[in-house]
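If you want the building blocks of each chain, they are given just below.
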Amino acid sequence: MRAMVLERQRAPLVEREVTAPDPRDSEVRIRVECCGVCRTDLHVVDGELRDPKLPLILGHQIAGVVESSRSEAFKAGDRVGVPWLGWTCGKCRYCLAGQENLCDYARFTGYTIDGGYADLAVADTRFCFALPKSYSAAATAPLLCAGLIGFRAYRMAGDGRRLGFYGFGSAAQILVQLARADGREVFAFTRDGDAKGQRFAREMGAAWAGGSSEHGPQALDAAIIFAPAGPLVVKALENVRKGGVVVCAGIHMSDIPSFRYELLWGERVVRSVANLTRRDGLDFFARIGSLQIETKRTMYPLARANEALSSLRSGEITGSAVLEVSAEY
Ligand SMILES: [Zn+2]
Ligand SMILES: [Zn+2]
């Protein structure tokens with residue numbers, strides 16, 4: 001099969017013909033239709049996430065069709081989605097406490113397990129999702145990380161009416177639609193001077209959009225930080241009311257600068273969100289069942305995965321980047 005392979009970190013992916021993987025018990029082999037490109041893929045390539053499997057096939061937003069199955073859960077021909085959380089031990093204190101996202105032994109798709117930048121992928125069906133029929137494979141791919149982990153961050157932000165989003169990319173364009181459906185207002189903060197990103201945020205439903213050094217028109221009940229820039233934590237704290245929460249949604253972030261205690265005073269909370277649980281995924285797909293989430297996407301053929309990654313790195317992508325792998329996506 002064709003695969004775009006990471007042979008070593010801080011180097012471009014290499015197109016290779018590799019042996020197709022065979023499913024083991026409880027696994028399926030999937031013909032990949034589309035695979036979303038995530039900022040986490042960049043953190044793996046750039047060496048900010050350490051010790052990946054090498055050589056590695058990236059990609060943890062896989063939408064495809066089961067080709068062969070060794071599981072009761074899915075049969076050949078079923079449409080299936082594969083997220084970041086690929087395997088958990090089921091035995092550690094976190095798994096037993098319903099926090100499998102923090103499992104000490106977790107394995108992750110496209111990081112410690114081969115992912116979807118390839119014609120075929122193998123996945124443990126206990127961590128896969130049946131996909132809603134109302135979405136194409138291309139529309140589904142961004143939901144599988146930006147949607148699922150974004151949804152976990154959204155829930156961690158609490159029930160406040162005014163939400164700030166710092167960074168407006170793949171996750172924010174999905175969550176702004178959910179927030180609006182929940183009767184909430186979104187204030188989008190992107191790079192100062194980023195008129196294109198701010199226009200996009202307003203088009204997708206943000207009540208206000210401006211630069212990240214600005215104060216929004218009203219104090220926020222909560223803020224979610226999607227951009228991997230530590231100074232945004234301080235900016236967000238400046239804009240969040242007493243008792244509000246700042247959620248850091250990314251897996252990697254640059255250092256957070258020191259700040260006055262006064263910004264945290266008043267029972268403000270800063271927290272991270274790590275990975276996802278299967279429950280997050282099931283709840284997310286149930287929640288969007290009555291909505292039709294629209295995403296703006298830039299499509300790339302599999303062989304141009306490096307281009308997709310560099311466009312994401314330089315901030316050129318508006319919305320989500322998706323690789324189309326098989327012709328009939
Ligand atoms: Zn565990
Ligand atoms: Zn991701």
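This is a predicted model, so every value here is computed, not measured. (Residues numbered from 1 in each chain as written. Chains lettered and ligands numbered in written order. Predicted model: local features only at pLDDT ≥ 70, side-chain atom pairs only at ≥ 80, totals over all residues.)

Peer 1: Account for the sheet that holds strand S2 (residues 14-17), naming residues and giving values.
Peer 2: Spatial strand order, S2-S1-S4: three strands in an open sheet with antiparallel pairing. The open sheet terminates on both sides in strands that have one partner only, identified here as S2 and strand S4 (56-57). Here strand S1 (residues 2-6) runs beside S4; their pairing, made up of two bridges, is antiparallel. Counterpart to Val5 in the pairing with S4 is Ile57. (Pairing = 2+ DSSP bridges. Helix = DSSP H or I, 4+ residues; strand = E, 2+ residues; numbered from the N terminus.)

Peer 1: Before we move on, can you summarise the domain arrangement of the protein with the specific residues and values?
Peer 2: Domain annotation of the protein identifies domain 1 (2-142 + 295-324) and domain 2 (148-272). The centre of domain 1, based on its C-alpha atoms, is set 27 Å off from the matching centre of domain 2. Contacts between domain 1 and domain 2 engage 13 residues on the former and 11 residues on the latter. A total of three residues in the side of domain 1 that touches domain 2 trace back to one element, the largest contributor, which is helix H1 (residues 39-45). (Domains from an automatic or database assignment. Contact = placed C-beta atoms within 7 Å.)

Peer 1: For helix H5 (residues 170-181), give the residues involved together with the corresponding values.
Peer 2: Extensive coverage of H5 is indicated by the burial of nine of its 12 residues. All of the buried residues along H5 are Ser170, Ala171, Ala172, Gln173, Ile174, Leu175, Val176, Leu178 and Ala179. Lining the buried residues of H5 we find helix H4 (146-156), strand S11 (162-166), strand S12 (185-190), helix H8 (278-287) and strand S18 (320-324). (Buried ≥ 20, exposed ≤ 12 C-beta atoms within 10 Å, placed from the backbone.)

Peer 1: Go over the sheet that holds S11, please, and point to the residues and values.
Peer 2: Neighbouring strands of a sheet are bound in pairs by backbone hydrogen bonds; such pairs are parallel or else antiparallel. Pairing is parallel across the open sheet formed by six strands, whose spatial order is S13-S12-S11-S14-S15-S16. Looking along the sheet, the strands with just one partner apiece sit at the ends: strand S13 (208-211) and strand S16 (269-272). Between one strand axis and the next, the sheet turns through 20 degrees on average, direction left out of account. (Axes fitted to C-alpha atoms, helices over the stretch in contact; angles between N-to-C directions.)

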